[in-house]
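Structural overview
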Amino acid sequence: MDSSANPNNTESNTKGNEDEGRTRPIDNSKGKRKSDVADDGDSANPCKPKKKLQTRSWVWDHFTRKDGDDDQCKCHYYKRFFGCSTKSGTSNLKKHLDCCKHYSAWKGRQSQNVINQEGNLQSGKVSKEVFREATNEMLVLGQLPLSFVESVAWKHICSKANLYKPHSRRTATRDIILMNVARKASLKDLVSANKRRVSLTTDIWTAQATGASYMVITVHFIDEYWRLRKFIIGFKYIADHKGATISRVLLECLTEWGIERIFTITVDNATANTSALRKFQRALQSQRADSLVLNGDFMHMRCCAHIINLIVKEGLHKLGNHVEAIRNGVLYVRSSTSRCDSFEQKVVTGKMTRGSLPLDVKTRWNSTYLMLTRAIKFKVAFDKMEAEDKLYNDHFLEVVDGEKRIGPPTTIDWREVERLVKFLGLFYTATLVVSASSIVCSYKCYGEIVTIEKNLLGMTHSYDKELREKAVEMREKFDKYWDGQKNINRMLIIASVFDPRQKMEFAKMCFEKLYGVDTSEAKEMYNSVYDVMKAMLKEYTVIFKGPNTQSSQSNPPSSTAARDTFACELAEDSNVEFERMDRSYKEMVNEIRVTDPKDELDIYLKAEVENPKTLPGMEWDVLSWWRLNSQKYPVLSEIARDVLAMQVSSVASESAFSTSGRLLEPSRSCLTHYMVETLVCLEQWLKSEIKLSENTFLTNAQLLADIELLDKLEKGNFIYVVY
């Protein structure tokens, strides 16, 4: 049909051409200047930037438009493109979400609730910020290389578990530094808010891989909730081990953290440490008059664990061959499964495994003690191995470093080792007590020291000549550091006094056990300890109550006193003389106070000692007692807070080196000293936060269980405090 027959076709064609021209203005203007383009109202300006489409529907939280094509969008979950023309709306997108299994799975995960560490319900949805922070904490806590976030393994985990895209190691480094700065600032606020003295432990370690020396400084204090807190405040690189360097690093670290008042500093027995603390004491006292207690006379605390270690080594060095023979026998049994099975056949009673016969570390005497203790139990089996096993005997014929291997163990070896183990258990128990740094142990230390000295004194009078000689040698080493208790730091004895179950009665008993009843030495030790406590009470009273304590303690006139005054004025006006009984009683009480004044220390010492009953396997909490009685003894409780936070060994600082060894391996020598300090400190801070939150959750749960248990007990026969 001819198109001219229908005039409407002409109009429609014309309109079609015009519409086509409107939709493609760029094609009509090819090769033309801007002025040549048709200037009608419907034509678009090609140079004008395209406006971004505004979205209002909720579906756009789950779709993203395709770059360069606004009519196509991609589903975040199904990963396919769908049409989204502005003329069509979003109905098709909503229908897709209704039937999309990937979206349904994602929505189910977002609505899932989980139980947090505090025992409360929270949403299972994890934001990208939380995922990124958790990844950085994983690097620090696991001592992983920073490049781990870019490894194939971590990317595979994130992809497989449908997690977020991992960030780069540069971003991880920046985030870890910022995390360290933020946590350091919060810990500084905690220390400054404490407003009390702190105790320090410090030690120096040299990395074998790099040869660099690092000095770690750990702070210990009891917070306002009467919880023992500790954390590293410095992991500093030092050029040498001289006293001046150690003192300077200590002062710089305390200045950085704003710490001005120190109670004690625990170090090992190196000569450089003694010189360093002398310089440190002078420098700190010049900055502030009350920076130290009693002019710093008891600031230097020698590491008790180190002293015990030196005493034990003095008794072990002459038994080297006897111990080596048993060590070689244990080494043979543990070297293979077949040898362990052969040895088990010789065991008369019990089941033998590799864990039943541990091998020691030569540099750690406590592991040697555990090895010897277990080996003695299998003495008969070792004798049978020597009589029946040829390979066992050939093992001792081998040459090691040009010398024949010592062994097999003989009767003499077993006898000497049995004699040694008898009193090594004493030192082993004491080491466990004084090495504890996560719980309060300062009040237990003096009892362990007296136990060691008392038993060494008994062994020096033994009928066994060899045992007597060893005891004499170990006693000489004991006197070198503690001078028979006379040179011991008085704070160790005072710490035992602040145990309400012992008070001065325990210290008095120890003095009488060592020096005899009513001897001048025992009385001298008792008076010296009491005088130090009196001096501390006076100094702390000035700090916490002010210099005019006596006048400030006088009560203001009450309404009763006002009535008495008014009654006296009436009596004077009426010229009647009479004696008031209440006024006479007050005068009598004031006279008694003048003639027999008592302070908090005397009241505490004269009160009856505590004798609590605890549930089996639980330990009585000294800090809880002082928290409950802090109102009764306001000043004495502040002294107890500082004394009980004191550390008797430097194990808390030494443990930082065992956990930071992987950071100083040759493969990670590119780390700067600042980055090493950041990673070590941040790791310890994060572990402390995790442990504190776990303890809080467990304590609350345990308290609920204990309340139910105590309700069932008759009349509360047990006094139980969660420790």
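Look up a bit, the structure's there.
These lines cover the structure that appears in this document, whether it is placed above or below. As the structure is a prediction and not an experimental result, all values here were calculated from the model.

How each quantity is defined
Along each chain, numbering runs from 1 in the same order as the chain's sequence is written. Where totals are concerned, whole chains, interfaces and linings use all residues; where local detail is concerned, this predicted model gives features only for residues with pLDDT of at least 70, and gives and counts side-chain atom pairs only at 80 or more. To get the side-chain values, all heavy atoms of the structure are used, and hydrogens and water are removed first. Only protein atoms enter the 1 Å grid used here. Points where a 1.4 Å probe fits but cannot escape make up a cavity, open sets with protein on both sides within 12 Å along at least five of seven lines make up a pocket, and a residue lines them when an atom lies within 4 Å of a point. Grid points are joined across faces, edges and corners, and a volume is the space filled by probe spheres set on the points. Think of it this way: any DSSP run of H or I at least four residues long counts as a helix, any run of E at least two long counts as a strand, and we number them from the N terminus. Polarity classes work like this: nonpolar for Ala, Val, Leu, Ile, Met, Phe, Trp, Tyr, Cys and Pro, charged for Asp, Glu, Lys and Arg, and polar for all others, with Gly in that last group. Note on geometry: axes are C-alpha line fits, over the in-contact stretch for helices, and angles between N-to-C directions span 0 to 180 degrees. By definition in this entry, angles of less than 35 degrees are roughly parallel, angles greater than 145 are roughly antiparallel, angles of 65 to 115 are roughly perpendicular, and the rest are oblique. Every residue pair with non-hydrogen atoms within 4.5 Å of one another is taken to be in contact. Strands pair, by our definition, only if DSSP identifies at least two bridges between them. As used here, the term nonpolar core means buried Ala, Val, Leu, Ile, Met, Phe, Trp, Tyr and Cys residues forming a set that is joined through side-chain atoms within 4.5 Å. Note on classification: 1.4 Å probe, protein chains only; a residue is buried when its accessible area is under 20% of the maximum for its type, exposed when over 50%, partly exposed between these limits. Any Lys or Arg side-chain nitrogen found within 4 Å of a carboxyl oxygen on Asp or Glu counts as a salt bridge. Pairing of aromatic rings covers Phe, Tyr and Trp, the last counted by its six-membered ring, and requires centre-to-centre distances within 6.5 Å; plane angles under 30 degrees mean stacked, over 60 mean edge-to-face, and any other angle means tilted. We call a charge positioned over a ring when the NZ of a Lys or the CZ of an Arg lies within 6 Å of the ring centre and within 35 degrees of the ring normal.

The gaps of empty space that remain are located by a probe, the size of a water molecule, rolled over the atoms. For the structure shown, the criterion picks out two cavities of 30 Å³ or more. The volume enclosed by the largest cavity comes to roughly 40 Å³. Of all elements in the fold, only β6 (198-206), β7 (213-222) and α27 (634-644) reach the threshold of two or more residues within the lining of the largest cavity. A per-element tally of the lining of the largest cavity places β7 first, with three residues. Partitioning the lining of the largest cavity into residue classes produces five nonpolar, two polar and three charged. In this model, the second largest cavity occupies a volume close to 30 Å³. Lining of the second largest cavity is provided by Ile494, Phe498, Met533, Met536, Leu537, Leu601, Leu636 and Ile639.

Their axes nearest at 7 Å, the elements helix α19 (residues 490-497) and helix α20 (residues 503-515) cross at an angle of 130°. Relative to α20, the element α19 lies oblique. The segment α19 lies against α20, with Ile493, Ser496 and Val497 engaging Lys503, Met504, Phe506, Ala507 and Phe511. Looking at the contact of α19 with α20 residue by residue, the classes come out as six nonpolar, one polar and one charged.

Now for the sheet that holds strand β9 (residues 262-267). Spatially, the five strands line up as an open sheet ordered β8-β7-β6-β9-β10, and their pairing is mixed. Bordering the open sheet on either side are β8 (228-238) and β10 (300-302), each of which pairs with just one other strand. Neighbour to neighbour, the strand axes of the sheet diverge by 25° on average, direction disregarded. With three bridges joining them, β6 and β9 adopt parallel strand pairing.

Core analysis: the largest hydrophobic core is formed by 104 residues, its most contacted members being Phe382, Phe427, Phe498, Met536 and Trp626. If you tally residues by element for this core, the top one is helix α16 (residues 411-434), at eleven residues. Non-local contacts of methionine 536, meaning those with residues more than four positions away in its chain, are made with Phe263, Val293, Leu294, Met491, Ile494, Ile639 and Val643. Listed in part, the 52 residues of the second largest apolar core include Trp154, Cys158, Ile262 and Val267.

Turning to the pattern of salt bridges, a few remarks are in order. In this structure the tally under the stated criterion is 26 salt bridges. With a shortest N-O distance of 2.9 Å, glutamate 638 and arginine 196 are connected by a salt bridge. Placement of glutamate 638 in helix α27 and of arginine 196 in the loop between α7 (169-194) and β6 is noted, with a sequence separation of 442 residues between them. Judged by relative accessible area, glutamate 638 falls into the buried class, the value being 10%. By relative accessible area, which is 22% here, arginine 196 ends up partly exposed. Arginine 327 is the salt-bridge partner of glutamate 324, the closest N and O atoms lying 2.5 Å from each other. Here the residue glutamate 324 and the residue arginine 327 both occupy positions in helix α11 (residues 320-334), the gap between them amounting to three residues, near one helical turn. Assigned by exposure class, glutamate 324 and arginine 327 land together as buried.

We note that lysine 79 has phi near 65°; this positive angle belongs to a residue other than glycine. By the element assignment, lysine 79 lies in the loop between β2 (69-75) and β3 (81-83). Relative accessible area serves as the criterion here: at 52%, lysine 79 is assigned to the exposed category. For glutamine 143, which is not glycine, the phi torsion reads 50° and is therefore positive. When you line up the elements, glutamine 143 lands in the loop between α5 (128-141) and α6 (152-160).

All chains considered together, the criterion is met by 25 aromatic pairs. With 5.0 Å between their ring centres and 35° between their planes, tyrosine 369 and tyrosine 428 make a pair best called tilted. Within this pair, whereas tyrosine 369 is found in helix α13 (residues 365-377), its partner tyrosine 428 is found in helix α16, the two being separated by 59 residues in sequence. Using a relative accessible area of 13% as the deciding quantity, one classes tyrosine 369 as buried. A centroid spacing of 5.7 Å and a plane angle of 85° characterise the contact between tyrosine 604 and tyrosine 633, whose relative ring orientation is edge-to-face. Separated by 29 residues along the polypeptide, tyrosine 604 in helix α25 (residues 600-606) and tyrosine 633 in the loop between α26 (622-628) and α27 bring together distant segments of the chain. Across this residue pair, the class does not change: tyrosine 604 and tyrosine 633 are buried. By the ring-pair criterion, three or more aromatic residues cluster together here, those being Phe498, Tyr604, Trp625, Trp626 and Tyr633. Stacked on the ring of tyrosine 604, the Lys or Arg lysine 503 has its end atom at 4.6 Å from the ring centre. In this structure, arginine 641 is placed above the aromatic ring of tryptophan 226, and the distance from its NZ or CZ to the ring centre is 4.1 Å.

Turning next to the pairing of β7. Remember that side chains alternate between the two faces of the sheet whenever the strand is regular. With ten of ten residues buried, β7 lies mostly within the body of the structure. Because side chains alternate across β7, one face comprises the buried residues Ser213, Met215, Ile217, Val219 and Phe221, and the other comprises Tyr214, Val216, Thr218, His220 and Ile222, equally buried. As judged from the eight bridges shared by β6 and β7, these two strands associate in the antiparallel manner. In the sheet register, tryptophan 205 faces β7, and the bridge partner there is tyrosine 214. Hairpin geometry of β6 and β7 is characterised by an intervening segment of six residues between the two adjacent antiparallel strands and by a positive phi of about 80° at glycine 211. The turn linking β7 back onto β8 is made up of five residues, and tryptophan 226 within it adopts a positive phi angle of 60°.

Take the side chain of serine 342 next. Within the secondary structure layout, serine 342 lies in helix α12 (residues 337-346). In this structure, serine 342 is in contact with Met385 and Asp389, ignoring residues within four places of it in sequence.

Moving on: the pairing of β2. Judged from the four bridges that link them, strand β1 (residues 63-66) and β2 form a sheet pairing that is antiparallel. Counted as the bridge partner of threonine 64 is lysine 74 from β2. In textbook terms, the turn of a hairpin is the stretch between consecutive antiparallel strands, and for β1 and β2 this stretch comprises two residues, one of which, glycine 68, has a positive phi near 85°. Linking β2 to β3, which pair antiparallel, is a turn of five residues; within it lysine 79 sits at a positive phi near 65°.

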